[in-house]
Amino acid sequence: MVDVSKAQDGGIIKKILTEGAGDTPSAGNEVSVHYTGRLLDGSVFDSSKDRDQLFKFKVGTGQVIKGWDEGIVTMKRGEVAILTCKPEYAYGAAGSPPKIPPNSTLEFEVEMHDFYGEDCTESSDGGVLKSTTVAGTGLSNPREGATVKISWVMSHMDRELEKRSAEFILGDGAAHDIVPGIETALLKMKKGETAKVTVKSLYAYGNVGNADLAVPGAADLTYLLTLETFEQAKYKYEMDGAEKIKFAEQVKEMGTQYFKEGKYDLALKKYKLITDYLEEGDDFDGDESDSDSEEVKEKKPMDKADEDRAKVLLLAGFSNQAICHLKLGDGNAALKACKDALQLDPNNIKCLFRKGQAAEMSQEWEEAINHYKAVLVVDNKNAAAINAIKVCTNKMKAFRANQKKRFANMFERTNFKEPEQAPEENKLKPDFSDSEGEEEAVGSDKEGEEMAV
């Protein structure tokens, strides 16, 4: 028997009945156990086995009594043990009437079935599981935009494949060859924390793998990850107008660099930050007549130069989003970004032209031509627009010709035949049903005309 309480005060005495194997859970892990709880006289007050249902909880988070939070983390998979918990590690002086009297020392026979790390993914799909091995400090976690300093050892099938460190802005990991799973885990970590992070292939190198690191396709990876330190990014509401402009200029520069490198998805994220931070309007709109609130009046007004700079950055943000969407093959999103930009500058040639490109992507040739013609209204010698109109006109003609040919071939395949003429002699014979049939046909025609109208 051994005292497994952190304080080593005899509060939790553990007796192993069946040895387990492997590692033990850490704080934040979800564990699955069977248990039977008894008083010291042997009477059972609760049992998961009677319900034939495993008991699941997150260990180390206060979901269970203190004796369990500290005792369960010492158990391995398959282990069966008795945890004897003093009152201060169980239900205290009050007990839990009517089954547990006040100041009761309790015995729990616990069977560890399984445990796994904290699921860090937004969709709770188990793609990134984190188990803390060294607790961090403080109460906060880094959020996207924070500058983080980390180190890790990555392994696959117990083979160490990578050991490195990095300092980067959280959200820009791909630009530093950092897999999405690491960034996902960092959002749940504290300063100084070290964790074992299991990353499924979807959040690592996918089906392709990484030849440089000898990572095979569809490989799940294990990281021993340490968040050494981080500097938190300011929330938008914490910034004044001048700070937002400075921030927008910085992310625009980063977005442009990503765009030049062909990392259009990362560039798009940066350009969206520009519009997210500057689109509010009240920070750089000189007209405060729209609001009577004291908060707006007390805000430090921006000078004319800052107002103009903010609007230029906002326009660039929307315009650059449009070209990124085009590069990524999303014509509808590009069209929306162009419309937002044109509300700021209706004669912006780049966005007028990109609207045409977005329409082309959907094979809306006439609409694309109209957008290119709008470019010529602003600049009647714009060579790119003139050429684009010619290209779209030819594509539209080819499309229509192809459609005409396709429908013609379809009708030929149906092998329609002209109805045979009735023999001439039959027409000479009286047929008393003619008048009735004529009337019926005329009635049908009238109904058809009304429906068409």
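For the structure, see preceding data.
First things first, this report covers the structure right here in the doc. Please read all numbers here as calculations on a predicted model, not as lab measurements.

A few words on the side chain of Asn29. Within the secondary structure, Asn29 sits in the loop between strand E2 (12-18) and strand E3 (30-39). Owing to a relative accessible area of 1%, Asn29 belongs among the buried residues under this scheme. One polar contact links Asn29 to Ser131, side chain to side chain, over a distance of 3.0 Å. Setting aside its immediate chain neighbours within four residues, Asn29 contacts Phe57, Lys58, Val59, Phe115, Tyr116, Gly117, Glu118, Lys130 and Ser131.

With that out of the way, let us pick up unusual backbone geometry. Pro98 follows Pro97 through a cis peptide bond whose omega is 5°. You can see Pro98 is positioned in the loop between strand E6 (80-85) and strand E7 (106-116). For Asp158, which is not a glycine, the phi torsion comes out positive at approximately 65°. Mapped onto the secondary structure, Asp158 falls in the loop between strand E10 (147-156) and strand E11 (159-169). Residue Asp158 is classed as exposed on the basis of its relative accessible area of 82%.

Taken together, 6 strands build an open sheet; the order of strands is E8-E9-E12-E13-E10-E11 and the sheet is antiparallel. Either end of the sheet is taken by a strand with one partner, and the two such strands are strand E8 (118-119) and E11. Strand direction decides the pairing type here: E8 and strand E9 (residues 128-134), joined by 2 bridges, are antiparallel. Among the inter-strand pairings, Asp119 is bridged to a residue of E9, identified as Leu129.

The next subject is helix H8 (residues 331-344). For H8, with 14 residues, the first-to-last C-alpha span of 20 Å sits near the 20 Å given by 1.5 Å per residue. Buried residues of H8: Gly331, Ala334, Leu335, Ala337, Cys338, Asp340, Ala341 and Leu342, and no others. Buried residues along H8 sit against helix H7 (304-327), helix H9 (349-361) and helix H10 (365-378).

A word on the packing of aromatic side chains. Evaluated as defined, the whole model comprises 11 aromatic pairs. Relative to Phe55, the ring of Tyr35 has its centre 5.7 Å away and its plane inclined at 70°; by these criteria the two rings are edge-to-face. A residue pair is termed long-range when its members are at least 10 positions apart, and Tyr35 in strand E3 and Phe55 in strand E5 (residues 55-58) qualify at 20 residues. What makes Tyr35 buried here is its relative accessible area of 7%. Among the residues examined, Phe55 registers a relative accessible area of 28% and is labelled partly exposed. Ring centres of Tyr235 and Tyr237 lie 5.5 Å apart, and the angle between their planes is 10°; this geometry places the pair in the stacked category.

Bridge analysis of E2 against E6 gives 6 bridges, and the strand direction is antiparallel. Looking at E6, one finds that Lys15 is bridged to Ile82. Bridge count for E6 against E7 is 6 bridges, and the pairing is antiparallel. What sits directly across from Leu83, in E7, is Phe108.

Generally speaking, a soluble globular protein has its nonpolar side chains buried in company with each other. Core analysis: the biggest nonpolar cluster contains 38 residues, and Ile274, Leu278, Leu313, Tyr372 and Cys392 have the highest contact counts within it. Elements with a minimum of two residues in this core: helix H4 (241-260), helix H5 (264-278), H7, H8, H9, H10 and helix H11 (383-413). When near neighbours in sequence (up to four residues on either side) are disregarded, Cys392 contacts Glu360, Trp365, Ala368, Ile369 and Tyr372. Residues Ile150, Leu186, Ala195 and Tyr205 belong to the second largest nonpolar core, which totals 31 residues.

This next bit is on the state of the cysteines. According to the stated counting rule, one finds 0 disulfides in the structure shown. Here Cys351 stays free of any disulfide, with the sulfur of Cys338 as its closest cysteine sulfur at 4.7 Å.

Its location among the elements puts Ile182 in helix H3 (residues 180-186). Considered as a pair, Ile182 and Trp152 are 30 residues apart in the sequence and their alpha carbons are 9.4 Å apart. Excluding its chain neighbours within four sequence positions, the residues that come into contact with Ile182 are Ile150, Trp152, Tyr223 and Leu225.

Criteria and cut-off values
- Residues numbered from 1 in each chain as written.
- Predicted model: local features only at pLDDT ≥ 70, side-chain atom pairs only at ≥ 80, totals over all residues.
- Heavy atoms only, no water.
- Helix = DSSP H or I, 4+ residues; strand = E, 2+ residues; numbered from the N terminus.
- Buried < 20%, exposed > 50% of the residue type's maximum accessible area, 1.4 Å probe, protein only.
- Polar contact = N/O pair within 3.5 Å; in protein donor to acceptor, adjacent residues only side chain to side chain.
- Contact = heavy atoms within 4.5 Å.
- Pairing = 2+ DSSP bridges.
- Expected span 1.5 Å × (residues − 1).
- Phe/Tyr/Trp six-rings, centres within 6.5 Å; stacked < 30°, edge-to-face > 60°.
- Core = buried A, V, L, I, M, F, W, Y, C linked by side-chain atoms within 4.5 Å.
- Disulfide = S-S within 2.5 Å.

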